[in-house]
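Fold and contact review
Residue strings, one per chain:
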Amino acid sequence: MEPVLTIALAGNPNAGKTTLFNHLTGARQHVGNYPGITVEQKEGCCLHQGKGVRVVDLPGTYSLTAYSVEELVARDFLINQRPDVVVDVVDASNLERNLYLSCQFLELGVPLVIALNMIDVAEKRGVTIDASALSVRLGVPVVPIIARSGKGVDQLLDAVLTVATTNLQPQPVFLSYGADLNQALDDMMPDLAACVELTAVYPQRWLGVKLLENDEQIVGKTLETYPEVGRRLIARGETIGQHLQQTLGVYPEAVIADHRYGYIKSITHQGVVTRKFVADRLYTSDKIDKVVTHRLLGPLIMAGVLFCLYTFTFSYSSVPVEWLARLFALISKGVDLLLPDGPFKSMVISGVVDGVGGVFGFVPIIMFMFFGIAVLEDSGYLARVAFMMDRIFHFFGLHGSSVMPFIISGGIAGGCAVPGVMASRTLRSPKERMATLLTVPFMNCGAKLPILTLLIGAFFSAHQARYMFLSTLAAWFIALCIAKILRLTVLRGASTPFVMELPPYRFPTLKGLVIHTWERTWQYMKKAGTVILGISILVWAMMTYPQLPETRASHYESLRQEALRTMAEDEAGQTAALARIKTEEAQERLRHSLGGRIGIAMEKVSQYAGIDWRTNIALIGGFAAKEVIVSTLGTAYSLGQVDPKEATSLKERLSKDPDWNPVVALAVLAFIMFYSPCFVTVICIAKESGSWKWAAFSILFNTLFAFTLAVAIYQIGALLYLR
Amino acid sequence: MAIINLRKMGINQSGTIVAVKVGGELGRRIREMGLIPGMEITVKQRAPLNDPVALRIMGGTLTLRNNEADYIEVEISP
């Protein structure tokens, strides 16, 4: 059914906008990104009175200035797309603050319906709101709803349809901003009227107000289209700004904000809002916060909650991971039976099934992790974690909200950088967000653990636990220091204010959790099916081609025949001989392949860190996925296929290999911990940062950094211990 | 009736904002959250490392860092 009208959901973060959106659209929604930026664009549709309604969920904002991308996106949508009705979701339990945004909608003159959400919460706090009186004073319909249960939503849609069918373009509300600013606005009117191109899009007085507020976007547009008039208008603004500074010591924006709040006060007083209890009643949330953010108990509880998140994710997801592994093994077997031997079969099994299977193996982990995060986020706990950790993270140029991405990525060994990078979305400040998503891949993710365990087990078996713990500490230390360096260089800039809301604790709704989890997981799966497939075929081809020349292949074939003939009686000896020939052949084949040649070529450089060509191949493979390092090392050290979970024999082999020693192991460890993020993470970084440049940066910078570190460790280590 | 800096307020102390002396992005963020002259606030909690601070304003709880609180002057309620 073709939607007949478009409504936009707007409102403060935490006002229940998403809950209403989920309630209206259910599963009929899709998430995209606004072109070029990483703000999510959510859209869905619903049916009311036989009419199809397109619902657009605008990013949550507190204001309509041009400081953040979210606000710009919301404002541009309202002005350029002109939705039929704007539904402003207002938290009834925090009415005055929420009306600040509503007030700006009125000034802009958009067709507005106010959804007075969470009236049940407000009532529990002893606040009653006379919706019809509020409606009369604001001049727009006000419908009380409870988005969680869906109560009042039908009446809300009725009101929306009424507003949409009246076809009356509402007039912008003229607020008084005090004598000085009113005078300035009046003076500006003739000049503003001359800006015909702008007044065709924006209300005239609103333009004036935005110029006084020194709004970047509007100032830029005015100067661009009407340079002369624009300069005059801005000069007028500056004069009044100086005047206000001298007489009252305030900025024009401050005066405008004061008058907006004054307007709100005049509306909410006199019978609209009645409070039954004393104003400072201790809410349940406050009682919980007294314990949960307590000086001593707070950090302990946080550690406990994070530990539970890990246990939940990694222990409960192991069952579906097992199923998926079995499923892919089955597919692999099926392909093995169905297809004839040859390069195509090898590609399907080693390239397609193993590659994509390896990535899909992450899906349950990611799904469980996202579910856990959704619980923490929707309940309001995440904001408390940011509150408690901000002091430390701020020191390193990050933000309290960076904690979660770090922890998910492996802050407690065993996470995954892919959901970590995705979780950096909760950060609202661009610079800190970029620093976060560029440094989270330094954490020890679950895929690095097998190789860490292998090397530590082989060379430092006496202090295994200590070294594992040290590697986690090293990861944190390096990641935070690099973040600090990035914030002092390429991501220089003032830190974003921590003026943040601590939303009251709420029970998350199951529907919201499921939708949250699913949409994030689905984005991940889409990636696995496309880009990863290509890369894993490429890696396979690199390690397979060019194949051994005819003469070498027949040489091994004749060796095999010989072994079969000479040891016809000795069955055990025969198998051993055949296995030896097979590994020798595999070894030579690898040396001959493109991957092998690259590995050998790279040895010229990597030798300074004590890394040989076979390890190089493994490290290249590790770019596809870090799990590949162990299995490729196994192949490269001629052991045939090695299961990453059972690396014991490889461990012995490495510890006896003359090319390896504890110093080399330490250098390789450092390199693996900090070099280029795996391919999936790189793609996520590109997507989340909105540019492939940052993805390329993270590959090059991290690899260079890791290599420098590895060389330093190897050279110093060689001086101290290997003489 | 003393006017002090928001940073110096103790837990559970209440007061009325008398001045917010900052412009730009920080000023805007502070104001849009309702921290404007005339508003009543109560300090609710401090983070384990003493910074940031959580305070009650109107119907909600806000957090801000100490160096951001420095711009806000409060008249303490008796």
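All of these numbers come straight from a predicted model, not from anything done at the bench.

Cut-offs used in this document
Sequence positions are assigned chain by chain, starting from 1 and proceeding in written order. Each chain is given a letter, starting from A, and each ligand a number, starting from 1, according to the order in which they appear as written. Local features in a predicted model are, by the rule used here, given only for residues with pLDDT of at least 70; side-chain atom pairs are given and counted only at 80 or more, and totals for whole chains, interfaces and linings are based on all residues. Hydrogens and water molecules were not included; the side-chain quantities draw on all heavy atoms of the structure. Strands here mean DSSP runs of E at least two residues long; helices mean DSSP runs of H or I at least four residues long; both are numbered from the N terminus. Here's how the labels work: a residue is buried when its accessible area is under 20% of the maximum for its type, exposed when over 50%, partly exposed in between, all with a 1.4 Å probe on protein chains only. Counted as positive: Lys and Arg. Counted as negative: Asp and Glu, with His and the chain ends omitted from the count. Every charge is mapped to an atom, namely NZ of Lys, CZ of Arg, CG of Asp or CD of Glu. Within these notes, the globule rule equals 2.2 Å times the number of residues to the 0.38 power, and the radius of gyration is based on C-alpha atoms. When checking whether two residues touch, look at their non-hydrogen atoms; a contact exists if any pair is within 4.5 Å. Per-residue accessibility takes into account occlusion by the displayed protein chains alone, with areas from the Shrake-Rupley method and a 1.4 Å probe. Two strands pair if DSSP finds at least two bridges between them. Only the contacting stretch of a helix is used when fitting its axis, a line to C-alpha atoms as for every element, and angles between N-to-C directions run 0 to 180 degrees. Defined here as a combined quantity, buried area equals the accessible surface (1.4 Å probe) lost by two parts on assembly, summed across both. Any carboxyl oxygen of Asp or Glu within 4 Å of a side-chain nitrogen of Lys or Arg constitutes a salt bridge here. Pairs of N or O atoms within 3.5 Å make up the polar contacts considered here, provided that, within protein, one atom can donate a hydrogen while the other can accept it, and that residues adjacent in sequence are counted only when both atoms are side-chain atoms. The pLDDT score gives, residue by residue, the confidence of the prediction method on a 0 to 100 scale. In this text, buried Ala, Val, Leu, Ile, Met, Phe, Trp, Tyr and Cys residues form a nonpolar core when linked through side-chain atoms within 4.5 Å. In these notes the angle categories are as follows: under 35 degrees is roughly parallel, over 145 is roughly antiparallel, 65 to 115 is roughly perpendicular, and the rest is oblique. Handedness of each helix crossing follows the sense of rotation of the near helix against the far helix: counterclockwise by less than a right angle gives left-handed, clockwise gives right-handed. Each residue is assigned to one of three groups, with Ala, Val, Leu, Ile, Met, Phe, Trp, Tyr, Cys and Pro labelled nonpolar, Asp, Glu, Lys and Arg labelled charged, and all others, Gly among them, labelled polar. What counts as a ring pair is set by centres within 6.5 Å for rings of Phe, Tyr and Trp (its six-membered ring), and what kind of pair is set by the plane angle: stacked under 30 degrees, edge-to-face over 60, tilted for all other angles. A helix is expected to span 1.5 Å multiplied by its residue count minus one. In this scheme, the bend at a residue equals the angle between the axes fitted to the seven residues that finish there and the seven that begin there. With its strands directed away from the observer, a crossover is right-handed exactly when the path from the first strand over the helix to the second travels clockwise.

A few words on the overall build of chain A. Looking only at helices and strands, chain A has 33 helices and 10 strands in total. Expressed as a percentage of the 723 residues in chain A, the buried residues total 54%. With 64 positive and 61 negative side-chain charges, chain A shows a separation of 3 Å between the mean positions of the two kinds.

Helices and strands together make up the secondary structure of chain B, namely 2 helices and 6 strands. Secondary structure elements of chain B, listed N to C terminal, follow the sequence β-β-α-β-β-β-α-β. Rg of the C-alpha trace for chain B: 11 Å, near the compact-globule value of 12 Å for 78 residues, within the 12% margin. When the backbone C-alpha atoms are referred to their principal axes, chain B occupies close to 30 × 30 × 25 Å. Restricting the contact set of chain B to residue pairs at least 6 apart, pairs at least 24 apart contribute 59%. Carbon and sulfur atoms form 49% of the exposed surface of chain B, whose accessible area is close to 2,700 Å².

Another point: the sheet that holds strand β5 (residues 60-64) of chain B. What the 7 strands build is an open sheet, ordered β10(A)-β5(B)-β4(B)-β3(B)-β2(B)-β6(B)-β1(B); its pairing is antiparallel. The open sheet has two free edges, formed respectively by β10 (500-502) of chain A together with β1 (3-5) of chain B, since each of these has just one partner strand. Across the sheet, the axes of successive neighbouring strands diverge by a mean angle of 45 degrees, strand direction being ignored. Examined bridge by bridge, strand β3 (residues 40-46) of chain B and strand β4 (residues 53-57) of chain B share 5 bridges and lie antiparallel to one another. Within the sheet, the bridge partner assigned to Arg46 of chain B lies in β4 of chain B and is Val53 of chain B. Along the sheet face, helix α13 (residues 284-292) of chain A touches β10 of chain A together with β3, β4 and β5 of chain B and points at about 35 degrees away from the line of β3 of chain B.

Here the focus is the environment of Met33 of chain B. Residue and element names in this part refer to chain B. The residue Met33 is located in the loop between α1 (24-32) and β3 in this model. Judged by relative accessible area, Met33 falls into the buried class, the value being 2%. On a C-alpha basis, the gap between Met33 and Ile57 in space is 8.8 Å, while along the polypeptide they are 24 residues apart.

All names here are of chain A. The pairing of strand β3 (residues 40-48) with strand β4 (residues 51-57) spans 7 bridges and is antiparallel. Across the sheet, Leu47 pairs through a bridge with Gly52, a residue of β4. The antiparallel pairing of β3 with β4 creates a hairpin that spans 2 residues between the two strands, and Gln49 there sits at a positive phi of about 50 degrees.

Every contact between the two is made by 40 residues of chain B and, on the other side, 45 residues of chain A. Between chain B and chain A lies a buried interface of about 3,800 Å² when both sides are counted; carbon and sulfur atoms form 55% of it. Counting across the interface, chain B meets chain A through 6 salt bridges. With a closest N to O distance of 4.0 Å, Arg31 of chain B and Glu253 of chain A form a salt bridge. Along the contact surface separating chain B from chain A lie 16 residue pairs in polar contact (both at pLDDT 80 or more). Mapped by element, the contributors of at least two residues to the side of chain B that touches chain A are α1, β3, β4, β5 and α2 (66-69) of chain B. No other element matches α1 of chain B, which puts 8 residues into the side of chain B that touches chain A.

Detailed reading of the predicted model is not advised wherever pLDDT is low. Looking at chain A as a whole, the pLDDT averages 85, with 93% of positions reaching at least 70. Here residues 640-647 of chain A is a poorly scored stretch, pLDDT under 50, and it has 9 contacts once near neighbours within four places are set aside; other chains count.

Model confidence for chain B is summarised by a mean pLDDT of 90, while 99% of its residues fall at 70 or above. Of all the helices and strands in chain B, α1 of chain B carries the lowest mean pLDDT, 86, while strand β6 (residues 72-76) of chain B carries the highest, 93.

Here we come to the pattern of salt bridges. Residues and elements named next belong to chain A. Going through the model one piece at a time under the given rule, you end up with 30 salt bridges over all chains. Arg236 is the salt-bridge partner of Asp187, the closest N and O atoms lying 2.8 Å from each other. You can see Asp187 sitting in helix α7 (residues 179-194) and its partner Arg236 sitting in helix α11 (residues 227-247), a full 49 residues away along the chain. The salt bridge involving Glu432 is made with Arg487; its shortest N-O contact spans 3.9 Å. Linking Glu432 in helix α21 (residues 430-439) with Arg487 in helix α23 (residues 464-488), this pair joins segments that are 55 residues apart in sequence.

Attention now moves to the nonpolar core. If you look at the biggest cluster of nonpolar residues, it comprises 92 residues, and the most contacted ones within it are Leu116, Ile129 and Leu138 of chain A together with Leu6, Leu35, Ile41 and Ile72 of chain B. When neighbours within four sequence positions are excluded, Ile129 of chain A is seen to be in contact with Ala92, Leu95, Leu116, Leu134, Val272 and Val273 of chain A. If you look at the next biggest cluster of nonpolar residues, it comprises 91 residues, including Phe406, Ile407, Ala423 and Trp476 of chain A.

Residues and elements named next belong to chain A. At a minimum axis distance of 8 Å, the contact between helix α14 (residues 297-316) and helix α17 (residues 363-379) shows a crossing angle of 150 degrees. In this view, α14 runs roughly antiparallel relative to α17, as classed from their interaxial angle. Here α14 runs over α17; the crossing is right-handed. Every residue of α17 that contacts α14 at Val305, Leu309, Phe312, Thr313, Phe314 and Tyr316 is listed here: Ile365, Phe368, Met369, Phe371, Gly372, Ile373 and Leu376. Here the contact of α14 with α17 is built from residues that sort into 11 nonpolar, 2 polar and no charged.

Once that is clear, we can look at the side chain of Thr25 of chain A. All names here are of chain A. Along the polypeptide, Thr25 turns up in helix α1 (residues 17-25). Under the relative-accessibility criterion, Thr25 is labelled buried at 0%. Within the structure, Thr25 has its side chain in polar contact with the backbone oxygen of Phe21 (distance 2.8 Å). Each residue touching Thr25, except ones within four places of it in the same chain, is listed here: Gly44, Cys45 and Val55.

What follows concerns the packing of aromatic side chains. One pair of aromatic rings is described through two measures. These are the centre distance and the angle between the planes. All names here are of chain A. Taken as a whole and assessed by the stated rule, the structure comprises 20 aromatic pairs over all chains. Between Phe312 and Phe368, the ring centres sit 5.4 Å apart and the planes meet at 45 degrees, which makes this aromatic pair tilted. Placement of the pair is Phe312 in helix α14 and Phe368 in helix α17, with a sequence separation of 56 residues. Given a relative accessible area of 28%, Phe312 falls into the partly exposed group. Between Phe442 and Phe674, the aromatic rings sit 5.8 Å apart at their centres with planes inclined by 65 degrees, giving edge-to-face as the arrangement. With a gap of 232 residues between them, Phe442 in the loop between α21 and α22 (449-459) and Phe674 in helix α31 (residues 662-674) connect regions that are remote in the sequence.

Residues and elements named next belong to chain A. Taking 1.5 Å per residue as the helical rise, α7 with its 16 residues ought to reach 22 Å, and the 24 Å between its terminal C-alpha atoms agrees with that figure. The sharpest bend along α7 reaches about 40 degrees and sits at Met188, with the proline Pro190 one to four residues further on. Along α7, the positions that sit buried rather than exposed are Leu181, Asn182, Ala184, Leu185, Met188, Met189, Asp191 and Leu192. Those residues of α7 hidden inside the fold are in contact with α8 (196-199), α9 (204-212), α11 and α12 (252-268).

Once that is clear, we can look at the pairing of strand β5 (residues 85-91) of chain A. Residues and elements named next belong to chain A. With respect to burial, β5 is a largely interior element, 7 of its 7 residues being buried. Where burial is concerned, the two faces of β5 agree: the one with Val85, Val87, Val89 and Asp91 and the one with Val86, Asp88 and Val90 are both buried. As judged from the 5 bridges shared by strand β1 (residues 5-11) and β5, these two strands associate in the parallel manner. Its bridge partner being in β5, Gly11 is matched across the sheet by Val89. Examined bridge by bridge, β5 and strand β6 (residues 112-117) share 6 bridges and lie parallel to one another. Each residue of the ladder has a partner; that of Asp88, found in β6, is Ile114. For the segment spanning β5, helix α3 (residues 95-108) and β6, crossover handedness is right-handed.

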